[in-house]
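# Residue-level structure breakdown
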Amino acid sequence: MSGTGGFEAYDDQDGPDDHETGPDDGGGDLRGDGTGGPSDQGNPVHPPRIPVPRASVEDTGRPLPVLDEPAPPPVPVLEHRVLKSLLGAWALAACSAEETAAVEDHLGDCGSCADEALRLRGAVGLLQRPESLDLDPGLRTRVLDGCLDRRPPRIPIPVWARPYDSETARLDALLQDFGDSEWHAPVRLRWFDADEATSRRTTVAGVIAHLMSVDGLVAIALGLDDPLGEAHADAPTPSGRTEAYWRGSHFPPTRSVRTPWREQSHDLVRTVSFTGGTAGKLEVAYGDFALPLHDAMLDRAFECWVHAEDIAEAVDYPYDPPSPRHLNRMIDLAARMLPAVLAQRRQKGLTSPAHGRHLVSAGGPGRTLRLEIEGLGGGEWLIPLDSPAAVGSAEHEVAHVALDGVEFCQLAAGHVPPAEAAAGQVGDRDAIRDVLFAAASLSRM
């Protein structure tokens, strides 16, 4: 620091004589501009070792230099017919940047191409299916499989109970954010009775009460509490139990029914998991028929999915089918039940007179219909036509029916009339009609 209070430029490399005037300095040039001048002490001053900052161009008052901006790439010049042929790719956003620029430049000048471009853009919008906010129904299964591969469960869920576990979880996720208006939204339950379409009006909460009442048949078979409690059903059938629950409620079912339904579904899965494979052969009575426990759990999974779609339709919300492996198990259950249903309908006189029908011994081959289910979860099933004890045989095939997997399930649920089922049909028309109506008669409330 100098005696005047200012800071001096200082360099560690300066010696004690660096600031003294040499004999040939002659006073020196003080400012470096040739004007010279005495210093404060009468000695010439050397320029500072640290350079002075340069002045910014903005401080000079001069105009800023104009920068040359790069010119935009030229728009390629294409013929009208070429540009018109690119409209489809442009609507699908499949053109390159140069082609897009050329097409859009052309649309500003050509009215016919502009109209065609609008129509194509509208068509592309119709092709795009509205995306569901729900997760892929197979995602839960894949995540669980990945977790269980790394750390197997101490008490695994039986394979035949997994579709029920998955479908109840998906339905519960749909119900999670429902408000009062959604819980009271009207729902129409549909099924086939005596080859006639039948329906019953209820609410979303009423559907959950129906599912809980019928799931109670499985709970009773496993020794769990009956959700009906003290209510008395006129008949131990799914419809009789549902009517009894609805009558026993002091008020129409509300959102409060969700908790006992979900707890019951957890209890069912937990119980069959603890019993392992030994409980699969227990019978669950449905009133006028019975199913083994492993088939009853598939039946309950199927009905849970069908009624979840009813609920989603009532609140205008998309809902996806089950995962392919679970859908295949549900289709297989329906296909295995068809021979017995055909026999019951034959006893009631509801089937067509079979000219080639003949009784066969148990386990022997008989007239057969090939049921081909297309899409994910599909496959082929040989349905014996003349006796539930017969075995389907490709050598005795008299008819072939092909349906989409989801559509077949909708037919079995009573949501699609047999006469309107979009089925590929080859062979005996009477046999095909009998099988389609038998599939529809699988439905119930």
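About the thresholds
Residues numbered from 1 in each chain as written. Predicted model: local features only at pLDDT ≥ 70, side-chain atom pairs only at ≥ 80, totals over all residues. Heavy atoms only, no water. Axes fitted to C-alpha atoms, helices over the stretch in contact; angles between N-to-C directions. Helix = DSSP H or I, 4+ residues; strand = E, 2+ residues; numbered from the N terminus. Parallel < 35°, antiparallel > 145°, perpendicular 65-115°, else oblique. Left-handed = near helix turned anticlockwise from the far one by under 90°. Contact = heavy atoms within 4.5 Å. Nonpolar A, V, L, I, M, F, W, Y, C, P; charged D, E, K, R; others polar. Disulfide = S-S within 2.5 Å. Buried < 20%, exposed > 50% of the residue type's maximum accessible area, 1.4 Å probe, protein only. pLDDT = per-residue confidence, 0-100. Phe/Tyr/Trp six-rings, centres within 6.5 Å; stacked < 30°, edge-to-face > 60°. Lys NZ or Arg CZ within 6 Å of the ring centre and 35° of its normal. Pairing = 2+ DSSP bridges.

### Concerning the packing of helix 6 (residues 162–175) against helix 10 (residues 258–275)
Each packed pair of helices is defined by two parameters, the angle between the axes and the distance between the axes. In contact at an axis separation of 10 Å, helix 6 and helix 10 are set at 160° when each is read in the N-to-C sense. Here helix 10 runs roughly antiparallel to helix 6, going by the angle between their axes. The element helix 6 and its partner helix 10 pack so that their crossing is left-handed. Facing helix 6, whose interface residues are Y164, D165, T168, A169, L171, D172 and L175, helix 10 presents R258, W261, R262, S265, L268 and V269. Here the contact of helix 6 with helix 10 is built from residues that sort into 7 nonpolar, 2 polar and 4 charged.

### With respect to the state of the cysteines
Counted by the stated rule, this structure contains 0 disulfides. Lacking any disulfide linkage, C113 is separated from the closest cysteine sulfur, that of C110, by 3.5 Å. For C113, a relative accessible area of 1% translates into the label buried.

### Describing the confidence of the model for the protein
With 77% of its residues at a pLDDT of 70 or more, the protein has an overall mean of 82. Taken as a whole, residues 1–41 scores under 50 in pLDDT and shows 31 contacts with residues more than four places along the chain or in a different chain.

### Structural notes on the packing of aromatic side chains
Counted according to the given criterion, the structure contains 3 aromatic pairs. Between Y286 and F289, the ring centres sit 4.9 Å apart and the planes meet at 10°, which makes this aromatic pair stacked. Considering the side-chain rings of F302 and W305, the 6.0 Å spacing of their centres and the 75° angle between planes classify their relative orientation as edge-to-face. Residue F302 and its partner W305 are located together in helix 11 (residues 293–314), separated by 3 residues, close to a single helical turn. The class for F302 is buried, based on a relative accessible area of 16%. One Lys or Arg, R433, reaches over the ring of F437 and ends 4.3 Å from the middle of that ring.

### A look at the sheet that holds strand 7 (residues 391–404)
Read across the open sheet, the 4 strands follow the order 6-5-7-8; overall the sheet is mixed. Because the sheet does not close on itself, it has two edges, and the strands there are strand 6 (379–384) and strand 8 (424–427). Recorded for the sheet is a direction-independent mean angle of 25° between the axes of neighbouring strands. As defined by bridge partners, strand 7 adjoins strand 8 across 4 bridges and the pair is classed as antiparallel. The residue bridging V401 from the neighbouring strand is Q425, located in strand 8. Lying over the sheet, helix 12 (residues 324–347) contacts strand 5 (365–374) and strand 6, oriented at roughly 10° with respect to strand 6. Along the sheet, helix 14 (residues 429–440) makes contact with strand 5, strand 7 and strand 8, crossing strand 8 at roughly 135°.

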